[in-house]
Amino acid sequence: MDEQALHNALIDLAIPQIHYFEETDSTNERALALAAQGAHEFTLVIAERQTAGRGRFGRRWETAAGASLAFTLILHPSYEELERLGLFSFLGAVAICLAIEALCETKPQVKWPNDVLLGGQKTAGVLAETTWHGNKLDGLVVGMGINLLPGSVPPASEVMFPATCIQTHCDYPMVRLEFLASALNHLVFWRSKILSTEFLEAYHARLAFIGQQVTLIPTEGKSVNGKLIGIDQSGKIILMMEDGNEIAYPIGDLRLRVAS
Ligand code: BTN
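The structure displayed is predicted, hence computed values, not measured ones. Sequence positions are assigned chain by chain, starting from 1 and proceeding in written order. For this predicted model, a pLDDT threshold of at least 70 governs which residues receive local features, and a threshold of 80 or more governs which side-chain atom pairs are given and counted, while totals over whole chains, interfaces and linings are taken from all residues. Side-chain calculation: all heavy atoms of the structure are included, whereas hydrogens and water are not.

Visitor: Residues and numbers for the overall build of the chain, please.
Guide: Scanning the chain from N- to C-terminus turns up 5 helices and 12 strands. We take the radius of gyration over the C-alpha atoms and set the globule estimate at 2.2 Å times the residue count to the 0.38 power. Relative to a compact globule of 260 residues, whose C-alpha radius of gyration would be 18 Å, the chain shows 18 Å and is just as compact. Taken over the C-alpha atoms alone, the chain extends approximately 60 × 45 × 30 Å along its principal axes. Residue burial is assigned from relative accessible area. The probe radius is 1.4 Å, only protein chains are included, and a residue is buried under 20% of its type maximum, exposed over 50%, and partly exposed in between. Classification of the 260 residues of the chain by burial places 52% in the buried group. The criterion used for residue contact is that any of the two residues' heavy atoms lie within 4.5 Å. Across the chain, the fraction of contacts at a sequence separation of at least 24, relative to all contacts at a separation of at least 6, is 65%. For the accessible areas, the method is Shrake-Rupley and the probe is 1.4 Å, while residue cover comes only from the protein chains on display. Accessible surface, the chain as shown: approximately 12,100 Å² in total, 51% of it carbon and sulfur. Counted as positive: Lys and Arg. Counted as negative: Asp and Glu, with His and the chain ends omitted from the count. By convention, the charge on Lys lies at NZ, on Arg at CZ, on Asp at CG and on Glu at CD. One finds the centroid of the 20 positive side-chain charges in the chain at a distance of 6 Å from the centroid of its 29 negative side-chain charges. Counting from the N terminus, the helices are the DSSP runs of H or I reaching at least four residues and the strands are the DSSP runs of E reaching at least two.

See below:
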């Protein structure tokens, strides 16, 4: 990526500093270190290649140079936002969806909590992480990995969920810097409205599998089956159990349930 072109593409956005790496371990790792050193809100870390890109639940995330986007934004949640940090990973997913809708005129969906799907296949993932100093939050980072061009799609044998790239679903040529600027623009816009009803509505309007039977695979313990109802104010997923009770779950991996 041409660093000057990167700066030019983002010139109109409220980004105080850009840290660009041809190669780094993980933009989230770099961003967490910068946040702990006091980096400002909306500081951007972006890399062409990651040697230790990571996904949710400690999974690996591959970044194909020239074809994908891998970047992380540093944020400083306010005192009121601390109660609902889960919403910050939604922010990345909503921003990516809006960029796809703006540049591609196609309809993405979000697989809770923050996988972006096109045609039911994953085209982007978001990983939000925090760094703490004792019980004081030093910063929160929102890392986004986007499969933009065909070379970015990992082989089927390497992924847990079918993958695709945005270009495959789009008639217009996708330009990485243009997509990046659009996603960041949407993210900056919604960041100040993260606790608003409008933000939850923007997320909910794109939520996949509503009304369908799903399986939620927790980090520990048994999977649960239920009908997907929606999300609550803090971003937990609400499932309706067979007995009609609705239960909100804070974390897990969601799958559409295949009738047996
Ligand atoms: C997931 O779907 O599991 C989340 C994937 C998040 C990947 C991005 S790429 C940029 C940032 N740096 C990382 O190490 N991970 C995130």
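Alright, that's what it looks like, and here's the rest.
Visitor: Which residues make up the side chain of glutamine 167, and what values do they have?
Guide: On the secondary structure map, glutamine 167 appears in the loop between strand S7 (136-147) and helix H4 (176-191). Within polar-contact distance, the side chain of glutamine 167 engages the backbone nitrogen of methionine 174 at 2.7 Å. Here a polar contact is recorded for every N or O atom pair within 3.5 Å, except that within protein the pair must consist of a potential hydrogen donor and a potential acceptor, and residues adjacent in sequence are included only if both atoms are side-chain atoms.

Visitor: Go over the sheet that holds strand S12 (residues 253-256) with me, naming the residues and quoting the values.
Guide: The 5 strands are arranged S11-S10-S9-S8-S12 in an open sheet whose pairing can be described as antiparallel. Across the chains shown, the open sheet's two edge strands, defined by having one partner strand only, are strand S11 (246-249) and S12. Each strand of the sheet is rotated relative to its neighbour by a mean of 45 degrees, with strand direction disregarded. Bridge analysis of strand S8 (residues 213-217) against strand S9 (residues 224-231) gives 4 bridges, and the strand direction is antiparallel. For two strands to pair, DSSP has to find at least two bridges joining them. What counts as an axis is a line fitted to C-alpha atoms, over the stretch in contact for a helix, and the angles between N-to-C directions run from 0 to 180 degrees.

Visitor: Which residues make up a nonpolar patch on the surface, and what values do they have?
Guide: Patch criteria: residues need more than 30% relative accessible area and no salt bridge. Like-charged residues are merged within 9 Å; nonpolar side chains of Val, Leu, Ile, Met, Phe, Trp and Tyr are merged within 5 Å. What makes a salt bridge here is a side-chain nitrogen of Lys or Arg within 4 Å of a carboxyl oxygen of Asp or Glu, nothing more. Taken together, the side chains of Tyr79, Leu82 and Trp132 present a nonpolar region at the surface, about 360 Å² in accessible area. As for its position among the elements, leucine 82 is in the loop between strand S3 (68-75) and helix H3 (87-104).

Visitor: Describe in detail the site of the ligand, supporting the description with residues and values.
Guide: Around the ligand, a shell composed of 20 residues is seen, among which Ser26, Thr27, Arg54, Arg56 and Lys122 lie nearest. Separating a nitrogen atom of the ligand from a side-chain N or O atom of threonine 27 is a distance of 3.0 Å. Between the ligand and arginine 56 there is a distance of 2.7 Å, counted from an oxygen atom to a backbone nitrogen or oxygen. Isolated, the ligand exposes 420 Å² of accessible area, and the fraction of that covered by the protein chains is 99%. Among the secondary structure elements, those contributing two or more residues to the shell around the ligand are helix H2 (27-36), S3, strand S6 (121-133) and S7. For this description, a residue counts as near a given molecule or strand if any of its non-hydrogen atoms is within 4 Å of it.

Visitor: Break down the state of the cysteines for me, citing the residues and quoting the values.
Guide: Note that a disulfide, as used here, is simply two cysteine sulfur atoms within 2.5 Å. Inspection of every chain in the model, using the stated rule, returns 1 disulfide. We note that cysteine 97 lacks a disulfide partner, and the nearest cysteine sulfur, in cysteine 104, lies 12 Å from it. Accessibility expressed as a relative area gives 0% for cysteine 97, which makes it buried. Summary of cysteine pairing: cysteine 165 is not part of a disulfide, and the nearest cysteine sulfur, belonging to cysteine 104, is at 9.7 Å.

Visitor: Tell me about helix H5 (residues 197-204), and name the residues and values.
Guide: Taken together, the buried positions of H5 are Phe199, Leu200, Ala202 and Tyr203. Summarising the axial view, the buried residues of H5 lie within an arc of 155 degrees, below the 170-degree limit, and thus occupy one face. Note: the arc covers the axis-to-C-beta directions of the helix.

Visitor: Could you give an account of the packing of H3 against H4, naming the residues involved and the relevant values?
Guide: At a minimum axis distance of 8 Å, the contact between H3 and H4 shows a crossing angle of 130 degrees. Considering the angle they form, H3 stands oblique to H4. The handedness of the crossing between H3 and H4 comes out as right-handed. In this structure, H3 uses Phe88, Leu91, Gly92, Val94, Ala95, Ile96, Leu98, Ala99, Ile100, Ala102 and Leu103 to contact H4, whose residues at the interface are Glu178, Phe179, Ser182, Ala183, His186, Leu187, Trp190 and Arg191. Between 65 and 115 degrees an angle is taken as roughly perpendicular, under 35 as roughly parallel, over 145 as roughly antiparallel, and anywhere else as oblique. If you view the pair so one helix is near and one far, a crossing is left-handed when the near helix is turned anticlockwise from the far one by less than a right angle, and right-handed when it is turned clockwise.

Visitor: Kindly report on the pairing of S11, identifying the contributing residues and their values.
Guide: Bridge count between strand S10 (residues 237-240) and S11: 4 bridges; the pairing is antiparallel. Pairing of methionine 240 across the sheet is with glutamate 246, part of S11. Counted along the chain from S10 to the antiparallel partner S11, the turn is 5 residues long, and its residue glycine 244 has a positive phi close to 90 degrees.

Visitor: Describe in detail the packing of aromatic side chains, supporting the description with residues and values.
Guide: The criterion for an aromatic pair is that two Phe, Tyr or Trp rings (for Trp, the six-membered ring) have centres within 6.5 Å, with stacked assigned to planes under 30 degrees apart, edge-to-face to planes over 60 apart and tilted to the rest. What the rule picks out here adds up to 3 aromatic pairs. Ring geometry for phenylalanine 90 and tyrosine 203: centres 3.7 Å apart, planes at 5 degrees, overall stacked. Pair noted here: phenylalanine 90 is in helix H3 and tyrosine 203 is in helix H5, with a separation of 113 residues, a long-range link. Judged by its relative accessible area of 1%, phenylalanine 90 falls in the buried class. Residue class for tyrosine 203 comes out buried when judged on its relative accessible area of 0%. When the centroid spacing of 5.3 Å and the interplanar angle of 90 degrees are considered together, the rings of phenylalanine 189 and tryptophan 190 count as edge-to-face. Under the relative-accessibility criterion, phenylalanine 189 is labelled partly exposed at 44%. Among the aromatic residues, those joined into a ring-pair cluster are Phe189, Trp190 and Phe199. We count a charge as sitting over a ring when the NZ of a lysine or the CZ of an arginine lies within 6 Å of the ring centre and within 35 degrees of the ring normal. Lying over the aromatic face of phenylalanine 161, lysine 111 brings its terminal NZ or CZ to 4.8 Å of the ring centre.

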